[in-house]
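Coordinates in review
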Amino acid sequence: MAPALTRQIEKSVRRLRLRVRGTVQGVGFRPFAYRLAREMGLTGFVLNDGAGVLVEIEGTDVNGFAQAIRTQAPPLARIDSIDVVELMPTGGELFEILKSLGGATATRIGADAATCDECRRELRDPASRFFGYPFVNCTHCGPRLTITRTLPYDRAKTSMAPFLMCRACAADYVDPENRRFHAEPVACPDCGPKLSHPVAEVAARLASGKIVALKGIGGFHLLCDARNNAAIGLLRFRKSRHQKPFAVMVRDIEAARRLARLTATEEALLMSAAAPIVLVEPLAGQSFDLIAPNLARIGIMLAYAPVHHLLFDALVTPASHGPPALVATSANPSEEPLIADNADAERRLGEIADLIVTHDRDIAIRADDSIMQVIDGAPAFIRRARGFVPEPIDLGADGPSVIGTGADLKNTVCVTRGREAFLSQHVGSLDNAEAIRFQREVISHLCSTLDVKPEYAACDCHPDFRSVRMAEGLSLPVVPVQHHLAHVAAVMAEHRLRGPVLGLALDGHGFGSDETGWGGEMLALHGHCWLRAGSLVPLPLPGGDRAAREPWRMAVAALRAAGRIDLVPRLWPDHPGVAQLTTMFDRGMRPSGTSSLGRLFDGAAAIAGIGLTQGYEGQTAMEFEALVHTPRCLPDGYSITNGKLDFLPLIRCLAEQGLGGTEAADLFHGTLIAGLADWAAGGAARFGSRQIALSGGCMMNRVLAAGLLQALRARGLEAYLPRLAPANDGGIALGQVAYARHVVMNENAFSEESLTCA
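Let's talk about the sheet that holds strand S18 (residues 414-417)
- Ordered in space as S16-S19-S18-S17-S20-S21, the six strands form an open sheet in which the pairing is mixed. Each edge of the open sheet is held by one strand with a lone partner, namely strand S16 (393-394) and strand S21 (478-480).
- Of the strands in this sheet, strand S17 (402-404), S18 and strand S19 (420-423) are in contact with helix H12 (residues 433-450), which crosses S18 at around 15°.

Following this line, the structure appears as structure tokens:
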């Protein structure tokens, strides 16, 4: 085509319809499109509807507009796709923002976002009408998920509906040039939510050593001065949380740098709009013994809500004490879900907190703080909740809508829509009525905000799981998915792994297809077909579930299996339970077995003197990990026979040589890494796969996970960890729906093939 003709076509008036899908509502996308069109001299319109954002644009540079939409979108926007259709020009003179349309919902709301720089500036500017206002927000920050009842994301469908905007806020809301254009939570001191107590009073109570329950974005926090040992001890006593670590909140990244040794990746996570808790290493000389007892890392988060920033501004501490820091832990008595309702807080937190600070904006759906760590240089979830939910995980292809009800520990729920999987916020352990009620709330809210009616339910295979009962009560066809299969399927779904994949699922316990306890599994998967390709050599499980709370039981069992039960009296001469269990073994007791790596961790930690009982799940394993300095492998510390990996030689060595502390931790972790890597390499050779999926609660151990990744790469294998969902049971629901879709689509394909062949 001649250059002159090309230029003539480029300058001719054209009209395009752009269908933008993704997180594009409630993030300032329409005013962004409006300003962009005005700057480029284009006409047309933009509006929200059930599918996302619809734009029609007319002028001579419509291609430039389409490109800018992709590259210059607002900070909280997430664009999945832009479909472009050429239309006939209509000759309009304006670009307008039109009223939202309803209809079937195929878009999504954004996650809650930390206060942006501009809002923080206004918060501290005496000349701003938002000065000192604990609910300041704009289209670039503030609550989203936690105030939304249903879509489209309009104020009338959020918990801001009762607050009528004043004249100034209403003017901001309708001004496309304003940062608060259609920011649904917009409000100011004249028209918005109110805090029940002045921030100065809250700060004074904290400074005097009191415990405060503060209602925030997704629920209540329990706060106390992180420098006040008496206050921390009192909080532990009142909450009955005697050893489990607390998180610490600080003002900003400069304060975090004064407390911890931060990598660039950790800093980026802390400063992100999601503002998660991040596990980091304290600086030398910084003591957090009462906050994270016997652990090498602490959980730090930055102030993320306006009320947090005001609170830190009001806190005054001597310079010698370092920056102000607050213990900030979820307000939930005795393992129940996070409290988010004012009346509930007054009723259930009165015996824990000295002051309960509420506000009058309802939390439509509660969400805990997310918790993350960096493994092998990249972020990994421990708990996925506020700041990340409801961002979907792309499964790579469309499929039936499936709801997965997860596991009974660290429960989450997952719903698929098209090619997207929406993993819910952390629900918790389904061992009480409040947690089960919360799971129902999450299911209802997730399906409502996605406008989805699931066609199938997926669940665990355990006959006694409450999550299984939940799936069975949904009046849908149910697809049971074995626990460890779900762990591996979640990694495959996230990384879109195709073809044969070898999975190592390493955790505390799961109900196996042979009705025994699994937990150290090698699975081979290809589509909907899978098999158990190997496991750890099973150990006796004396006491069943009690063994997880009392690691000494696994220590005795491991020594029994290793042929050195004679060492037990020397290791624990005065423990009555140990003596009784030894006698029972001598009399021929044969308890059920488990192949669990988590239980092997417990037994080894007890032998190494880490602890004989656990105050919280995974305590001894976490404390064992904290002692690692330089992992090293014990020669002949493991063996592999017919797909079974045996670490009993390592157990014998720890007990016979009386190893403890860092020496035992280094030897145990180093030998595990080498043994698991050799085991996986052998399995990969047998099944013809270079792809290794790693998951399960043991992959939360940073030393083990990073070491195993590196060892597998050194053997020429492609190893994958979960990055978008937790490796623990918080990711099970994702694996359930991903695998169930394979099953359903294979059955449908088989049925269609049978009909065709007939």
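That was the structure; now back to the text.
A word on the state of the cysteines
- Scanning the entire structure with this criterion turns up zero disulfides.
- With no disulfide of its own, Cys 116 lies 3.7 Å from the sulfur of Cys 138, the closest cysteine sulfur.
- For Cys 116, a relative accessible area of 14% puts it in the buried group.
- There is no disulfide at Cys 447, and the cysteine sulfur nearest it, in Cys 414, is 11 Å away.
- For Cys 447, a relative accessible area of 14% translates into the label buried.

A look at the environment of Ser 330
- Checked against the element boundaries, Ser 330 lands in strand S12 (residues 325-330).
- According to the relative accessible area criterion, Ser 330 is buried, its value standing at 11%.
- With residues up to four places along the chain from it excluded, the contact list for Ser 330 reads Phe 220, His 221, Leu 222, Lys 239, Leu 338, Asp 368 and Arg 383.

Examining the sheet that holds strand S4 (residues 78-87)
- Spatially, S4-S1-S3-S2-S5 is the arrangement adopted by the five strands of the open sheet, whose pairing is mixed. The open sheet has two edge strands with one neighbour each: S4 and strand S5 (95-97). The mean angle between the axes of side-by-side strands here comes to 15°, regardless of whether they run parallel or antiparallel.
- Across the face of the sheet, helix H2 (residues 29-39) comes into contact with strand S1 (14-23), strand S2 (43-49), strand S3 (52-59), S4 and S5 while running at roughly 170° to S5.
- Along the sheet, helix H3 (residues 62-71) makes contact with S1, S3 and S4, crossing S1 at roughly 10°.

Procedures and definitions
Residues numbered from 1 in each chain as written. Predicted model: local features only at pLDDT ≥ 70, side-chain atom pairs only at ≥ 80, totals over all residues. Heavy atoms only, no water. Pairing = 2+ DSSP bridges. Helix = DSSP H or I, 4+ residues; strand = E, 2+ residues; numbered from the N terminus. Contact = heavy atoms within 4.5 Å. Axes fitted to C-alpha atoms, helices over the stretch in contact; angles between N-to-C directions. Disulfide = S-S within 2.5 Å. Buried < 20%, exposed > 50% of the residue type's maximum accessible area, 1.4 Å probe, protein only.

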